[in-house]
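Analysis of the macromolecular model
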Amino acid sequence: MLEDVRAFKDLFFQSDPYKRPVENNWNNFKDMIFEMTNRHVPSRMVKNRKEAPWLNREIKRKISKRRRLYNKAKATQNENDWKAYRKLRNEVNSLVDKAHNNYCKYLFDDSHCNNRKRFWSLIKNLKKDHPNVTTLESNDSLLTSSVDIANAFNDQFYTFFTDEDNETPNLDIPTYPICDHIIFSTEGIENLLQQLDTSKAPGPDGIPTQILKLCRAEIAPILQKLSHYGIQGDLHQWIKAWLTQRKQRVVLNNVTSRFVPVKSGVPQGTVLGPLMFLLYINDISTNINSSIRLFADDCIIYRIIDSEEDNSILQQDLNKVFHWAKTWQMKLNVENSGTEESASISRGHIPPINVLVPPHRSSLRQSN
């Protein structure tokens, strides 16, 4: 297999890949991986049996014997055969229950580091599939068609997008270093491929992680070339293409809704998504005089109130945050929480930022 991948690599570089669109190069690369996998990796049909991991060899042997006794009793209709079957059946049921309880206790034992993965594997196997959505009430109408229900869900999700109804505010003169290129080195790509977890499922491209890790030395130069010609030295345009002109639809009961445009937010489940959100809110602390802490998608403003001046400064800072949110079209949802209020900043379906807001300016008193 490695020889075939090396041959493809040589042919790839000889064919002037920079003259082709990056999408064509990427598709050629994926086709090569799938072809090499089908040619060299053996495959066989397996039954999808959800075997209980708590069943040991002894219990499995008794289960097989129980099945034989049942078949014998059913064929002979002899009372002694039925008694033998029922006796073993009760014994097996008792052993299975005991083994299951011991296994669950083992999963909840924190001293075993691998229990978390086994626990969720058990939950996944035991989880029942959700029934299909057969009816839905929407706008005083009862929907029964799967397509209509999917479109209703999609229309509801669409309402959470933000309409860009004003011009982008002006920012201060940037003081940050310019980042207009990303350097992809063969060594760096090969190192990332080496660190892939082969126990994980393939990504959206469907390429098995075992194949990527096995052929990392041969694949890394190709991926470097794809990255180089895909970005073309303009990082901003690359990210813009990733964020704009997106569409979404709902899949329900094996049918799909119509596509609707995605007007705000970032692609969910991506590595760049949280980073884009942090960049968007990074200037929220500009001209804030109180203490402010940003961590992931949380923002907290706080100040020790020792005087009326502290009271005034904190209120001004909170007003600045509210003004910033309005300027950048972020939604603020204020809800009462004990003796103070909590304001949640959110944009579309991006996780909210929590800001502490004093209940009333007059309620803050000078401390001794």
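Our subject is the structure listed above.
Okay, so let's go over this structure.

1. Some details on the overall build of the protein chain
For the protein chain, the count of helices and strands is twelve helices and eleven strands. Per-residue burial for the protein chain yields a buried fraction of 27% across its 368 residues. Restricting to contacts in the protein chain with at least 6 residues of sequence separation, those with at least 24 account for 56%.

2. Observations regarding the environment of F184
Tracing the backbone through its elements, the reader meets F184 in the loop between α6 (146–158) and α7 (186–194). Residue classification places F184 among the partly exposed residues on the basis of a relative accessible area of 27%. The spatial distance from the C-alpha of F184 to the C-alpha of P221 is 9.6 Å, given a sequence separation of 37 residues.

3. Here we look at the environment of T198
With respect to the helices and strands, T198 occurs in the loop between α7 and α8 (209–214). Considering only alpha carbons, one finds T198 and P208, ten residues apart in sequence, at a separation of 8.0 Å. In this structure T198 touches T209, Q210 and K213, once residues within four positions along its chain are discounted.

4. Details of the side chain of T209
Mapping T209 onto the fold places it in helix α8. For T209, a relative accessible area of 8% puts it in the buried group. The contacts of T209, once residues within four sequence positions are left out, are L196, D197, T198, K200 and A201.

5. What to know about the environment of H100
The residue H100 is located in helix α4 (residues 79–107) in this model. Judged by its relative accessible area of 25%, H100 falls in the partly exposed class. In this structure, the C-alpha to C-alpha distance between H100 and L55, residues 45 residues apart in sequence, is 7.9 Å.

6. Some details on the nonpolar core
The nonpolar side chains of a soluble globular protein tend to be buried, and buried together. Ranked by size, the top nonpolar core spans 15 residues in total, and within it V5, F29, M32, I33 and I219 carry the most contacts. Only α1 (2–14), α2 (22–40), α7, α8 and α9 (216–231) provide two or more residues apiece to this core. Broken down by element, the residue count for this core peaks at four residues, all from α2. In this view, I219 contacts V5, F29, I33, L193, I211 and L212; residues no more than four positions away in its chain are not counted.

Thresholds applied
- Residues numbered from 1 in each chain as written.
- Predicted model: local features only at pLDDT ≥ 70, side-chain atom pairs only at ≥ 80, totals over all residues.
- Heavy atoms only, no water.
- Helix = DSSP H or I, 4+ residues; strand = E, 2+ residues; numbered from the N terminus.
- Buried < 20%, exposed > 50% of the residue type's maximum accessible area, 1.4 Å probe, protein only.
- Contact = heavy atoms within 4.5 Å.
- Core = buried A, V, L, I, M, F, W, Y, C linked by side-chain atoms within 4.5 Å.

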